Amino acid sequence: MKSYQMSMNRKVVFYGRVSTEHEAQTYALSNQMQWYEELRKSYRNWTVVDRYIDDRITGTQTKKRPEFMRMIEDARLGKFDLIVTREVSRFARNTIDCLEITRQLKNWGVEVFFVQEGIWTMENESEMNLRSGQW
């Protein structure tokens, strides 16, 4: 992790998603949100401004995820500068979507932190890591 990521004040949002109504998946969503809150404690420079949660919605098409689309619109409006999501597959299910969306967000000055993979999209090597699709 770069030192600026620890010291720079950030307006942060969390994105979580589960795709089925199965009880274990619903429980997993609650766990995701609790996990984000625990992670936040490690970053004193983060101010959490919102949480976006798509519950029982498949990740295959971003346009069919209302909270994801609301998050992208809020990013365009400059409401925050960092999206934190647990893993790439919660954010996008294919490499092309992921690259297109993260490029657009980057143009708006919004970074995505994929925690499990350790990818921060403003870092130079991030696109190569996302392009590899080994997540």
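Keep in mind the model is a prediction, meaning the values are calculated, not measured. (Residues numbered from 1 in each chain as written. Predicted model: local features only at pLDDT ≥ 70, side-chain atom pairs only at ≥ 80, totals over all residues. Heavy atoms only, no water.)

Caption draft 1: Structural context of the pairing of strand S1 (residues 10–18). Along S1, eight of the nine residues are buried, which leaves the element largely enclosed by surrounding structure. Alignment of S1 against strand S3 (residues 82–85), held across four bridges, turns out to be parallel. Bridged to Phe 14 within S3 is Val 84. (Buried < 20%, exposed > 50% of the residue type's maximum accessible area, 1.4 Å probe, protein only. Helix = DSSP H or I, 4+ residues; strand = E, 2+ residues; numbered from the N terminus. Pairing = 2+ DSSP bridges.)

Caption draft 2: Region of the structure containing the sheet that holds strand S5 (residues 119–120). If you trace the five strands from one edge of the open sheet to the other, you get S2-S1-S3-S4-S5, paired in mixed fashion. The two strands at the open ends of the sheet, each matched to only one other strand, are strand S2 (46–55) and S5. Pairing analysis gives nine bridges linking S1 to S2, with the strands arranged parallel. If you follow Tyr 15 over to S2, its bridge partner there is Tyr 52. Helix H3 (residues 66–76) contacts S1, S2 and S3 of the sheet and is inclined by roughly 150° relative to S2. (Contact = heavy atoms within 4.5 Å. Axes fitted to C-alpha atoms, helices over the stretch in contact; angles between N-to-C directions.)

Caption draft 3: Quick look at the nonpolar core. In this structure, Phe 68, Met 71, Phe 80, Ile 83, Phe 91, Leu 105 and Phe 114 are the most contacted members of the largest nonpolar core, which totals 19 residues. Ranked by residues supplied to this core, first place goes to H3 with four residues. Counting residues in hydrophobic clusters, the runner-up holds twelve residues, among them Val 12, Leu 39, Leu 82 and Val 115. (Core = buried A, V, L, I, M, F, W, Y, C linked by side-chain atoms within 4.5 Å.)

Caption draft 4: Focus on the side chain of Arg 17. The residue Arg 17 is located in strand S1 in this model. As a buried residue without a salt bridge, Arg 17 has its nearest oppositely charged side chain in Asp 54, at a separation of 6.4 Å. Side-chain polar atoms of Arg 17 contact the backbone oxygen of Ser 89, separated by 2.8 Å. (Lys, Arg positive; Asp, Glu negative; His and termini not counted. Salt bridge = Lys/Arg side-chain N within 4 Å of Asp/Glu carboxyl O. Polar contact = N/O pair within 3.5 Å; in protein donor to acceptor, adjacent residues only side chain to side chain.)

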